[in-house]
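A closer look at the structure
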Amino acid sequence: MNVENAQAQMRKGVLEYCILSILSKNDAYATDIINELKESKLIVVEGTLYPLLTRQKNAGLLSYRWEESPQGPPRKYYALTEEGRKFLKELNASWNELVEAVNSISTRSSKK
Amino acid sequence: MKKTIKINLSGLVFTLDEDAYQELKNYLDSISSRFRDMKEGNEIISDIESRIAEIFQSRVNDKKEVITLEDVNDVISIMGKPEDFYDAEEEPETSSKRKDYTRKENRKLYRDPENAIFGGVGSGLAAYFGIEPWIIRLLLVILTFPIQVIPIIYIVLWIVLPKALTSGQRLEMRGEKVTVTTIEKSVKEEYESVKENVKRVSESKEFEKTTNILGEILNVIGQILLVILKIILVIIGISFAIAGIAALIAISSLVFFKQALFPPDFWPMIHGIPFAEYFHNFTDPGTYTLFSFALFLVIAIPIVTLIYGGIKLIFRFKANDKPVGLAGLVLWLLSLITVVTIAAYDGRGGGTAGQTTESDYLGPFTSDTLRIYMQKDPGIENFSDNWYYTGDEEWNTISDADKTYGKINIDIDFTDDRKFEILVRKKSQSKSKLTGMISAEYINYRYSQNTNRLYLDPYFSLNKIHNWNAPETEVLIRVPEGKHIYLDENTKYFLDEIEGISSGDSQEAAGKVLPDNED
């Protein structure tokens, strides 16, 4: 078990949550989401995103519309659905719980 | 200079360098094999393609129109390789089981469409075993005779084996190191991918693409027709080869082995003698050898060409035919000239006729009319009565152990002479007048007279040792003024030239007294 692998697993776990978070602020197309995720070093390659977006869309969390692009092919703009918002709220709650849990464990263990 | 390839990616046209195209295709193939089996796979693939199109679009401008390998590599590093993609729904364990983007050396059996005759099964097998395709093909053809199911196996392999389409697959087929995830395409999957493409086209609502489907269908029909055509060509090739070999055996047995393989009546008769023997009648053996050799070449060269063409149709190998073909043509023309020349100068049609004439006056008799009869019983073995009943064959000869016999011709002249005269004209063809005369000298002819009756032998004879050449004998009877001649019915088919009767009607003189206008 190496560090990189563990980090990748962690990122992977929060990736879907982060996508929904980004879309809760603004509608966005894939490249926007990617740029934001890249800034936060959550993903390395863009290819990762597409299967996730498609799955979330198919699960009813996201909807999309086509918009003309100033250059290149038309873009898919993704937006959260009502269901997506509910889903995100639940994830927010569990994320906060998780962070607290992790924090409390690590602070307690550091005290020892 | 580089070759470029135009592609349509998400409805946009890009021009790619050939190496860039190959790399992109491999990459997209790997993506598509990664996602194809998922129900949302098509959408993911088309999203990714659309993103790649966007990146490409940002890379081209007025000054740079072509996507290079570098651009493609950038795209791949931006998008990531399929094994780098996270997949939330997949268990981590399975991701390790996934095929690596880079594969270790491992040969796979494919069909090789680029070197194919039918389906490319043979060339695929050859690539798999690392040998030349023609060896496999030859083996398949030869083994088909003892193992008749081979064509069926071939067809099954044709259906089951995937085509090696991408350069990665081609490398894999040869067992070289491959840098792409393999796509195990069976024919069924290929069909599926076509169906997916069709679906993608209709989903993206780019209807001008529908023309591609029509093109695809036409292409498939064209492919099928091409395969049928190839099969027909191969069948023609095989029949050419077989017919050619049979003809070659026949002609060599005729010319060199003198009918060792075929009965004499296999060949048509020429002038009433067997075809093969016809050529033995030339004056000297040297000419005969040259003639038969040249004749052999005249017939054999086109046959060999036929066989070669047939084999070429079957195995479709490339060869520089020009020098050999030209040499063959020259040789063939030379042989033809030789054959024609020998036939013209030494054969029956031309040449120099040697001729000797023996003349004799008949003994005196009291009657005014000479009566001509053909000798009834010639006393020759194998003699056929046909000589008395038909005039068909100009060249009637028969032979026994040591002699050859020929039918004679009778000519009648009317002269102002005092006596009946009989002339026996013996002719023979030869290269020179002298040798012709000498061989004519050996011709024997007999007749006998009994008062006013003249009995003519129906034949002349010649010893076989004289290697005779188209001998002929005419018996000319000269009828003096005031005398008559009676030709018996049995002379009918020997009559040739009768004075006062046109040559076509000469046989009508038989059974008559000539000249009939007097008395």
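Treat the numbers as computed from the prediction; the structure is a model and nothing was measured. (Residues numbered from 1 in each chain as written. Chains lettered and ligands numbered in written order. Predicted model: local features only at pLDDT ≥ 70, side-chain atom pairs only at ≥ 80, totals over all residues. Heavy atoms only, no water.)

On to the interface of chain B and chain A. Note on interface size: it is often stated as the accessible area lost on association of the parts. Every contact between the two is made by 27 residues of chain B and, on the other side, 32 residues of chain A. Counting each side, the surface lost to burial between chain B and chain A is near 2400 Å², with a carbon and sulfur contribution of 55%. For A:Lys57, the salt bridge identified is with B:Glu43, shortest N-O distance 2.2 Å. For the pair chain B and chain A, the number of links is 10 residue pairs in polar contact (both at pLDDT 80 or more). Only helix H2 (41-59) and helix H3 (69-79) of chain B provide two or more residues apiece to the side of chain B that touches chain A. (Contact = heavy atoms within 4.5 Å. Buried area = accessible area lost by both parts, 1.4 Å probe. Salt bridge = Lys/Arg side-chain N within 4 Å of Asp/Glu carboxyl O. Polar contact = N/O pair within 3.5 Å; in protein donor to acceptor, adjacent residues only side chain to side chain. Helix = DSSP H or I, 4+ residues; strand = E, 2+ residues; numbered from the N terminus.)

Time to look at the packing of aromatic side chains. If you walk through the whole model with that rule in mind, you get 8 aromatic pairs over all chains. Ring geometry for A:Tyr64 and A:Tyr78: centres 5.9 Å apart, planes at 55°, overall tilted. Taken as a pair, A:Tyr64 in strand E2 (residues 62-67) and A:Tyr78 in strand E3 (residues 75-80) lie far apart in primary sequence, 14 residues in all. Among the residues examined, A:Tyr64 registers a relative accessible area of 34% and is labelled partly exposed. Taking the centre distance of 5.5 Å and the plane angle of 25° together, the rings of B:Tyr373 and B:Tyr455 count as stacked. Within this pair, whereas B:Tyr373 is found in strand E7 (residues 369-374), its partner B:Tyr455 is found in strand E13 (residues 453-456), the two being separated by 82 residues in sequence. The exposure class assigned to B:Tyr455 is partly exposed, which follows from its relative accessible area of 24%. Clustering of aromatic rings is evident, with ring pairs tying together A:Tyr64, A:Trp66 and A:Tyr78. A cation over a ring is seen here: B:Arg371 above B:Tyr486, with NZ or CZ 4.2 Å from the ring centre. B:Lys407 extends its terminal NZ or CZ atom over the ring of B:Phe494, reaching a point 4.9 Å from the ring centre. (Phe/Tyr/Trp six-rings, centres within 6.5 Å; stacked < 30°, edge-to-face > 60°. Buried < 20%, exposed > 50% of the residue type's maximum accessible area, 1.4 Å probe, protein only. Lys NZ or Arg CZ within 6 Å of the ring centre and 35° of its normal.)

Spatial ordering of the open sheet is given by E1-E3-E2 (chain A), a layout of 3 strands whose pairing is antiparallel. Each edge of the open sheet is held by one strand with a lone partner, namely strand E1 (28-29) and E2 of chain A. The pairing of E1(A) with E3(A) spans 2 bridges and is classified as antiparallel. Pairing of A:Tyr29 across the sheet is with A:Tyr77, part of E3(A). Sheet contacts for H2(B): E1, E2 and E3 of chain A; angle to E3(A), the most-contacted strand, approximately 120°. (Pairing = 2+ DSSP bridges. Axes fitted to C-alpha atoms, helices over the stretch in contact; angles between N-to-C directions.)

Residues and elements named next belong to chain B. With respect to the helices and strands, the residue Leu12 is situated in strand E2 (residues 12-17). A relative accessible area of 21% means that Leu12 is categorised as partly exposed. Spatially, the C-alpha atom of Leu12 lies 9.3 Å from that of Glu54, the residues being 42 residues apart in sequence.

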